Amino acid sequence: MNSRPIGVYDSGVGGLTVVREISSKLPWERVVYFGDTARVPYGEKTAEELLGFSREIIKFLIGQGSKYIIAACNTTSSQVLEYVKLEFDIPIIGVLRPGAYAASKATRTGRIGVMGTSGTIRSCAYEKAIKEYLAEGKVFSSACPQLVPLIEKGAINSEETIRALHDYIAPLMAEDIDVLVLGCTHYPYLIEHIKRITGPRVEIVDPARETVTVAAAALQELGLQSREKTGQHEFAVSGDPVLFTAVGSKLLGDNLAETRRVDLS
Ligand code: DGL
C-alpha cells in the first residue's frame, strides 16, 4: 500500500487527458499535476529548453511526494525523456512508447498516421518506436502547430479548429491509413471532430490509454499501488491558475479542483 501521489506533467491542459484515464482506471490513485502554462506551447521549443523544463518540474513533483512520474507530453517524451530518466531515481514513464505500441497492435494494413506537435514530428520518435514493434509498418506524419494554442483557449468547436483539423488530417487520409495516433495529449479533446473527418474505417489511438495500463502494471510490480483514495487530485501551473481551472473543467466536462500557481524558477 502506497498512498503517495502519481506526479503527472504537461505544458498545459493536455496532460489532463492522462489524469482522466487514471481517474477511470485507477480510481484509488491520487495525482499531483503540473501544467507549465507560462511556457506553453512546447511544440516549438528546443530539446535543451525541454530538458531544463522537465528537470524543474520533476524536482517539484518529487518535492510534492510523488512515487511515480508520468510525462504526459509527447513533445517531451519524444525528445528528452530518455535523458531525464537517467538523472532521477524515481520511475518515470512517457506517453510515446505506449502510444507506438498500441498503434502497432491496432493496425491491420501497417499504414499508420501520426498527428503531433512540430517538435514531436521533427524528432521522428513515433516512426522509430512504431518500427521497433512493427518493422514493416509505414508511418505518415502530420505536424499540427495550430492546435495546442487553440485548445489552451478552450476553442475546441471553433471553425478555425475544425478547418485546421481538415488541413492536417487530409494528407494522412490520402495515404490510406487505417490507424491514426493522437500524438499530443491535447488532441483527445478533439476526438469527435477527428472521427468525423477520418470516418469509421480508421481506428483512433489515444496514447493516454496504453500509458495508464503500463503505469498500472509498473505500480503493481514495484509495490507502489494505492489501495484506497486518500485525497483529491491537486493541480499546479506556472501561468494563470484561474484560466487553467476554467479551461480544464470545460474540456473534461467536470469541475476541476482549484489550481495554485507555482513559480519553478
Ligand atoms: N501536450 C503536449 C504533447 O503531448 C505538448 C503540446 C505543446 O505544448 O505544444 O505534445
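In case you missed it, the structure is sitting above this.
A brief structural summary. (Residues numbered from 1 in each chain as written. Predicted model: local features only at pLDDT ≥ 70, side-chain atom pairs only at ≥ 80, totals over all residues. Heavy atoms only, no water.)

Considering all chains together, one arrives at 12 salt bridges under this definition. A salt bridge links E132 to R97; the nearest nitrogen and oxygen atoms lie 2.9 Å apart. With a gap of 35 residues between them, E132 in helix α7 (residues 125-133) and R97 in helix α5 (residues 96-106) connect regions that are remote in the sequence. A residue is classified by how much of its surface remains accessible, and E132, at 54% relative accessible area, is exposed. Of the charged contacts in the structure, one is a salt bridge between K131 and E127, with a shortest N-O distance of 3.7 Å. Taken as a pair, K131 and E127 lie in helix α7 at a separation of 4 residues, close to a single helical turn. (Salt bridge = Lys/Arg side-chain N within 4 Å of Asp/Glu carboxyl O. Helix = DSSP H or I, 4+ residues; strand = E, 2+ residues; numbered from the N terminus. Buried < 20%, exposed > 50% of the residue type's maximum accessible area, 1.4 Å probe, protein only.)

Below, the discussion takes up the environment of F140. With respect to the helices, strands and loops of the structure, F140 is situated in strand β6 (residues 138-143). We classify F140 as buried; its relative accessible area is 16%. Taking the C-alpha atoms as reference points, F140 and V114, separated by 26 residues in sequence, lie 6.2 Å from one another. Filtering out sequence-adjacent residues up to four positions away, F140 remains in contact with R111, I112, G113, V114, L172, E175 and I177. (Contact = heavy atoms within 4.5 Å.)

Empty pockets left among the atoms are what a rolling probe the size of a water molecule brings to light. Counted as a void, the largest pocket has a volume near 360 Å³. Lining the largest pocket are 20 residues, with S77, E82, L96, R97 and A125 sitting closest to its centre. At the level of elements, α3 (74-79), α4 (81-87), β4 (92-94), α5 and α7 are the ones that each hand at least two residues to the lining of the largest pocket. Of all the elements, α7 adds the most residues to the lining of the largest pocket, at 5 residues. Counted by class, the lining of the largest pocket contains 10 nonpolar, 5 polar and 5 charged residues. Empty space within the second largest pocket amounts to approximately 270 Å³. If you go around the second largest pocket, the residues you meet are V19, R20, S23, K229, Q232, H233, F235, L252, D254, N255, L256 and A257. Of the residues belonging to the lining of the second largest pocket, the class tally is 5 nonpolar, 4 polar and 3 charged. (1 Å grid on protein atoms, 1.4 Å probe; cavity = no way out; pocket = protein on both sides within 12 Å on 5 of 7 lines; lining within 4 Å. Points joined across faces, edges and corners; volume = space filled by probe spheres on them. Nonpolar A, V, L, I, M, F, W, Y, C, P; charged D, E, K, R; others polar.)

Below, the discussion takes up empty space enclosed by the protein. In total, this model carries 1 cavity of 30 Å³ or more according to the counting rule given. What lines the largest cavity is D10, S11, Y42, G43, C73, N74, T75, T117, V148, C184, T185 and H186. The residue makeup of the lining of the largest cavity, split by class, is 4 nonpolar, 7 polar and 1 charged.

All right, on to the packing of helix α9 (residues 159-173) against helix α10 (residues 191-198) then. Between α9 and α10, the shortest axis-to-axis distance is 10 Å and the interhelical angle comes to 45°. As the angle between them shows, α9 and α10 are arranged oblique. Along this stretch, α9 crosses α10, giving a crossing that reads as right-handed. Across the interface between the two elements, I162, L165, H166, I169 and M173 from α9 touch H193, I194, I197 and T198 from α10. In terms of residue class, the contact of α9 with α10 is made up of 6 nonpolar, 3 polar and no charged. (Axes fitted to C-alpha atoms, helices over the stretch in contact; angles between N-to-C directions. Parallel < 35°, antiparallel > 145°, perpendicular 65-115°, else oblique. Left-handed = near helix turned anticlockwise from the far one by under 90°.)

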